[in-house]
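# Chains, contacts and geometry: an overview
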Amino acid sequence: MSDATTHAPADKARASELGPVARFLKATELDTRMLGMIGALLLIWIVFHLLSGGLFLTPRNLWNLSVQSSSIAVMATGMVLVIVTRNIDLSVGSVLGFAGMIMGVTQAEVLPSLIGFGHPAMWLLAALVGLAVGVAVGALHGFIIAYLGVPAFIVTLGGLLVWRGAAWWVTSGRTVAPMDATFRLMGGGPDGAIGAMWSWIVGLVACAAVVLMLIGGRTQRRRFNFPLRPVWAEVFLAVVACGLILAAVMVANSYPWPVGIVRRYYEALGESVPENAFIAHGIAIPVLIALGVGIIMTFVATRTRFGRYVFAIGGNPEAAMLAGINTRWVTMKIFMVMGALAAIAAMISTARLNAATNAQGTLDELLTIAAAVIGGTSLSGGVGTIAGAMIGAVLMQSLASGMILLGVDTPLQNIVVGLALVVAVWLDTVYRRRVQ
């Protein structure tokens, strides 16, 4: 404690030499790259809102945007680990399509003959089969890359072609539908959301978790004599975080069920439809899945030995190997995790479409890589954040959604996405030169 007291005057003297913005950033310890990305996202939203005549920043569009971003956000969390270790995975879109097709066939053709239609365990068995397929594909990729020494670019480029063809081969090009009713909940929609009350409960629990994390972090810093953030900075972070969470819940609860669904809902209850009936969607289940994956992957990346090994390998592979890290096994596990996340994304995508198609996941690998890179993951390895990648996924989907609202042709949409990726890599290069 005495050391912290001794250094306090010197820290205050140095802080007084900084400008007000620099002092604020130093006190709150906010990531300037993350702030810049959030600022770019807000700018994109405002521009599209103005150009679309006020259609973009509406509860309906923002709710749909969150659902559409979920599958890419899930895969982007795994792509961060892949790119951090200086690898790449070009096959995630095809793996998503293959796993989705396997899950579709499992619940539409295989399980009904074994346990019957409508069995309550059907959705779970299909999801477990898809998850096993994703992990197995990731393990195969990881083994070839780590133990046979084939570059990840070549292995996953081959996987892009192989698993896309395998998805077609499973059904000879047929579309498989419909999916199990419980399985479809993972895709969103009026039934695939938790409603207003549970959304507020989730929001309040999230706010409580933020406050507890800040208190716990401050306690740990005091315990190990690390510099403490000013109390006002802690309060500011808590207020802003809770404000954003509750604002997101408010937006989700502002999007009502369509009139036809509301009418059928009350008819099923045997009641007349009240005048001006309003039933809120609330937070969509795929969004909750994506947030849950993001929290788990953040914990894995920052609080586990495996996560430390991943960033150590990305920072300096030779030093990591000399330090005793089994780099080949860690690399294989990274691709197994990536395969599992592609399978989870396939669950969301298949449930949302209520069908498994051969075109499912096409070009998703490019959106996933772009989301990770735009989110601050460096292609040079060693740097990346899960939260940044998820925000990057929202940014990429925002571009697509905004251009669709404006009636922009698909080829031009691809041009914009490609330019966004190039600009993101260029900004990363500039940033790394400045900090070196």
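Residues numbered from 1 in each chain as written. Predicted model: local features only at pLDDT ≥ 70, side-chain atom pairs only at ≥ 80, totals over all residues. Heavy atoms only, no water.

### Looking at the nonpolar core
Selection rule: The term nonpolar core refers to a set of buried residues drawn from Ala, Val, Leu, Ile, Met, Phe, Trp, Tyr and Cys, joined through side-chain atoms within 4.5 Å. When a residue's accessible area, from a 1.4 Å probe over protein chains only, is under 20% of the maximum for its type it is buried; when over 50% it is exposed; and in between it is partly exposed. Put simply, DSSP marks the helices as runs of H or I at least four residues long and the strands as runs of E at least two long, and each gets a number from the N terminus on.
Counting residues in hydrophobic clusters, the biggest one holds 83 residues, and the most contacted among them are Met75, Met79 and Phe98. Broken down by element, this core gets its largest block of residues, 13 residues, from helix α15 (residues 327–353). Counting residues in each nonpolar core, the second largest holds 9 residues, with Val67, Val249, Tyr255 and Ala284 among its members.

### Quick word on the environment of Val240
The topology assignment puts Val240 in helix α10 (residues 231–253). Taking C-alpha positions, Val240 is 29 Å from Arg434, a pair spaced 194 residues apart along the chain.

### Observations regarding a nonpolar patch on the surface
Filter applied, for reference: Only residues above 30% relative accessible area that lack a salt bridge enter a patch, with like-charged residues linked at up to 9 Å and the nonpolar side chains Val, Leu, Ile, Met, Phe, Trp and Tyr linked at up to 5 Å. Using a 1.4 Å probe, the Shrake-Rupley method yields the accessible areas, and only the shown protein chains count as cover for residues. The salt bridge criterion pairs a side-chain nitrogen of Lys or Arg with a carboxyl oxygen of Asp or Glu, the two atoms within 4 Å.
Nonpolar side chains collect at one region of the surface, where Leu43, Val47, Leu51, Leu55, Leu405 and Leu406 lie side by side and expose about 510 Å² of accessible area between them. When residues in the nonpolar patch are grouped by element, the largest group, 3 residues, is from helix α3 (residues 32–51). As for its placement among the helices and strands, Val47 is situated in helix α3. The class for Val47 is partly exposed, based on a relative accessible area of 37%.

### As for unusual backbone geometry
Here the residue pair Ala177 and Pro178 is connected by a cis peptide bond, since its omega of -5° sits within 30 degrees of zero. Among the structural elements, Pro178 can be located in the loop between α7 (152–171) and α8 (181–184). One non-glycine residue with positive phi stands out, namely Arg86, at about 70°. One can find Arg86 in the loop between α4 (59–84) and α5 (92–115). If you check the backbone angles, Leu363 has positive phi at about 70° while not being a glycine. Position of Leu363 among the secondary structure elements: in the loop between α15 and α16 (364–374).

### What about the pattern of salt bridges?
A pair can form between side chains of opposite charge whenever their charged atoms are brought close. Per the stated rule, a full pass over the model turns up 5 salt bridges. Ionic pairing is found between Glu29 and Arg221, a salt bridge with its closest N-O pair at 2.6 Å. Of this pair, Glu29 sits in the loop between α2 (20–28) and α3 while Arg221 sits in helix α9 (residues 195–223); the two residues are 192 residues apart in sequence, bridging distant segments of the chain. A relative accessible area of 40% means that Glu29 is categorised as partly exposed. The partner of Arg229 in a salt bridge is Glu234, and the shortest N-O contact between them spans 3.4 Å. Residues Arg229 and Glu234 agree in their burial class; the two are buried. One salt-bridge network, in which partners are shared between bridges, spans Glu29, Arg218, Arg221, Arg229 and Glu234.

### Some details on the packing of aromatic side chains
Between two aromatic rings, the relevant description is the distance of the centres plus the angle of the planes. This is how it is decided: Two rings from Phe, Tyr or Trp (for Trp, the six-membered ring) form a pair when their centres are within 6.5 Å of each other. A pair whose planes differ by under 30 degrees is stacked, one over 60 is edge-to-face, and the rest are tilted.
As enumerated under the stated definition, the model contains 9 aromatic pairs in all. Seen from their ring centres, Phe98 and Trp163 are 5.2 Å apart, and the 35° between their planes marks the pair as tilted. Placement of Phe98 in helix α5 and of Trp163 in helix α7 is noted, with a sequence separation of 65 residues between them. Their ring planes at 35° and their centres at 6.3 Å tell us that Phe224 and Phe226 sit as a pair that is tilted. Note on Phe224: relative accessible area 44%, which makes it partly exposed.

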